[in-house]
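This is what each chain is made of:
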Amino acid sequence: MSNLEVAPPEVECGEDATDATLEIIAPREVPLGGPRAMLVRRTLPTKTRTMIGAWCFADHYGPDSVEQTGGMKVPPHPHTGLQTVSWLFTGEVEHRDSTGVHAMVRPGELNLMTSGRGVSHSEVSTPQTRILHGVQLWTALPQESRFVDPGFEHFAPEPVDLEAGRLSVFLGSLSVDDPTVDGPVTSPVKTYSPLLGAELTLQPGAVVTLRLDPSFEHGVLVDGGPVCVGPEQVAAHDLAYLAPGQESVDIHAGEHGGRVIILGGTPFGEQIVMWWNFIGRDHDEIVASRELWQDRVEQDADTPFGRFDYPGDPLPAPPMPGVRLRPRG
């Protein structure tokens, strides 16, 4: 479905149109990398929901014409206390980071960067890219792992053909009710807490039953839709939240088919402070990370964020707010 459709078609979800265990989160538009940058649709975090498992950030963008928007041009910027999860549907993005990695983000291939105690990187769509479309996700590192050395992992999952669609699991493990699939589909990529990340495409009118881990909470981010998540219709770009305790859910596509990103994880169990590109545990830790990065920007100082070749200046940190940051989660 095109994101230019004014009145997208509906999909029949059954007689029961509500589910008390399901919450719909609508996105808000945010400029990526500055006020004149490309716009993304952000569904995590919100005022009502900070995290789904360790998933703490979800940006969804496109399909955008690079000729019109200028594409993705995010200069070197820092991260602490998290993992970035890059997943594309269309286009190509060049990734460089301070661990020495130079990699391409391509459709259907996972690029996962662990910031740990500190890393910096850039993201720029390639000249060959005409349409840019994908998601950028973060996971928070738990206390015992948040100061690990920075690193990078690439993984291209083998898509699994279903009777009614196709499944790619890039993090964790997921089972579906489908006679063509024997057992769970699993990713070998290391995570620091129990996590699930997958892309599911559905044929027009198809229904796919997901077998859920009841200890997880889950999110279903709709890229192409609308779709039904259980008995509830979820529009394109919205995120459906499913509370722990559920063992299955049906995903039902409309006449144009559908595509969703499935997220999951055990409730994180820790409060975090997330501001700009940093995740910490209190206000003072965020202030210290910002000051270190500004030393890099303003004085070209050596910092834990490192450096790498880039044809331009790093991205300055915004000013701190006038109030103390409060933990969430």
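Look up a bit, the structure's there.
It should be emphasised that the depicted structure is a prediction, and the values quoted were computed from it without experimental measurement.

Caption draft 1: Geometry of the sheet that holds strand S16 (residues 185–186). With antiparallel pairing, six strands are arranged side by side in an open sheet as S16-S15-S18-S23-S20-S21. Looking at the sheet topology across the chains shown, the edges are occupied by S16 and strand S21 (232–234). As paired elements, strand S18 (residues 207–211) and strand S23 (residues 248–253) share five bridges and run antiparallel to each other. Of the residues in S23, the one forming a bridge with arginine 211 is serine 248.

Caption draft 2: Looking closely at the pattern of salt bridges. One pass over the full model with this rule turns up 14 salt bridges. Aspartate 223 is the partner of arginine 259 in a salt bridge, and the nearest nitrogen-oxygen pair spans 2.9 Å. A residue pair is termed long-range when its members are at least 10 positions apart, and arginine 259 in strand S24 (residues 258–265) and aspartate 223 in strand S19 (residues 217–224) qualify at 36 residues. Overall, the relative accessible area of 21% leaves arginine 259 in the partly exposed class. Of the charged contacts in the structure, one is a salt bridge between glutamate 270 and arginine 281, with a shortest N-O distance of 2.8 Å. One end of the pair, glutamate 270, is in the loop between S24 and strand S25 (273–275); the other, arginine 281, is in the loop between strand S26 (278–280) and helix H2 (283–299), with eleven residues separating them in the sequence. Classification of arginine 281 by relative accessible area gives buried; the value is 15%. Put simply, Arg296, Asp300, Asp302 and Arg307 are held in one network by salt bridges that share partners.

Caption draft 3: Up close: the environment of valine 181. Within the secondary structure layout, valine 181 lies in the loop between strand S15 (173–176) and S16. Between the C-alpha atoms of valine 181 and leucine 162, which are 19 residues apart in sequence, the distance is 7.2 Å. Setting aside residues no more than four positions away along its own chain, valine 181 makes contact with Val160, Leu162 and Val176.

Caption draft 4: Focus on the sheet that holds strand S6 (residues 82–90). Taken in spatial order, the seven strands of this open sheet run S2-S3-S4-S11-S6-S9-S12, and their pairing is antiparallel. A strand with exactly one partner marks an edge of an open sheet, and here the two such strands are strand S2 (28–31) and strand S12 (151–155). When strand polarity is set aside, the average angle formed by the axes of neighbouring strands in this sheet is 25 degrees. Alignment of strand S9 (residues 110–114) against S12, held across five bridges, turns out to be antiparallel. Following the sheet pairing, leucine 110 is matched in S12 by phenylalanine 155.

Caption draft 5: The arrangement of the environment of isoleucine 272 in detail. One can find isoleucine 272 in the loop between S24 and S25. Spatially, the C-alpha atoms of isoleucine 272 and glycine 329 are 6.4 Å apart, while their sequence positions differ by 57 residues. Non-local contacts of isoleucine 272, meaning those with residues more than four positions away in its chain, are made with Met51, Cys56, Ala140, Ile279, Gly280, Arg281, Arg326, Pro327 and Arg328.

Caption draft 6: Just the state of the cysteines, in detail. Here the structure, examined in full by the defined rule, presents one disulfide. Cysteine 13 shares a disulfide with cysteine 228; S-S distance 1.9 Å. Here cysteine 13 and cysteine 228 share a disulfide; its torsion about the S-S bond, -90 degrees, makes the bridge left-handed. Taken together, the residues span a long stretch of sequence, with cysteine 13 in the segment before strand S1 (22–25) and cysteine 228 in strand S20 (residues 227–229) at a distance of 215 residues. Taken individually, cysteine 13 and cysteine 228 each receive the classification buried, so the pair is uniform in this respect.

Caption draft 7: Up close: unusual backbone geometry. Note the cis peptide between leucine 44 and proline 45, where omega equals -5 degrees. Structurally, the position occupied by proline 45 is in the loop between strand S3 (39–44) and strand S4 (55–65). The omega angle of the peptide bond from glycine 225 to proline 226 is 15 degrees, so this bond is cis rather than trans. By the secondary structure assignment, proline 226 is in the loop between S19 and S20. Positive phi outside glycine occurs at tryptophan 276, with the angle close to 50 degrees. For tryptophan 276, the location among the structural elements is in the loop between S25 and S26. Despite not being glycine, aspartate 300 has its phi angle at roughly 55 degrees, a positive value.

Thresholds applied
- Residues numbered from 1 in each chain as written.
- Predicted model: local features only at pLDDT ≥ 70, side-chain atom pairs only at ≥ 80, totals over all residues.
- Heavy atoms only, no water.
- Pairing = 2+ DSSP bridges.
- Helix = DSSP H or I, 4+ residues; strand = E, 2+ residues; numbered from the N terminus.
- Salt bridge = Lys/Arg side-chain N within 4 Å of Asp/Glu carboxyl O.
- Buried < 20%, exposed > 50% of the residue type's maximum accessible area, 1.4 Å probe, protein only.
- Contact = heavy atoms within 4.5 Å.
- Axes fitted to C-alpha atoms, helices over the stretch in contact; angles between N-to-C directions.
- Disulfide = S-S within 2.5 Å.

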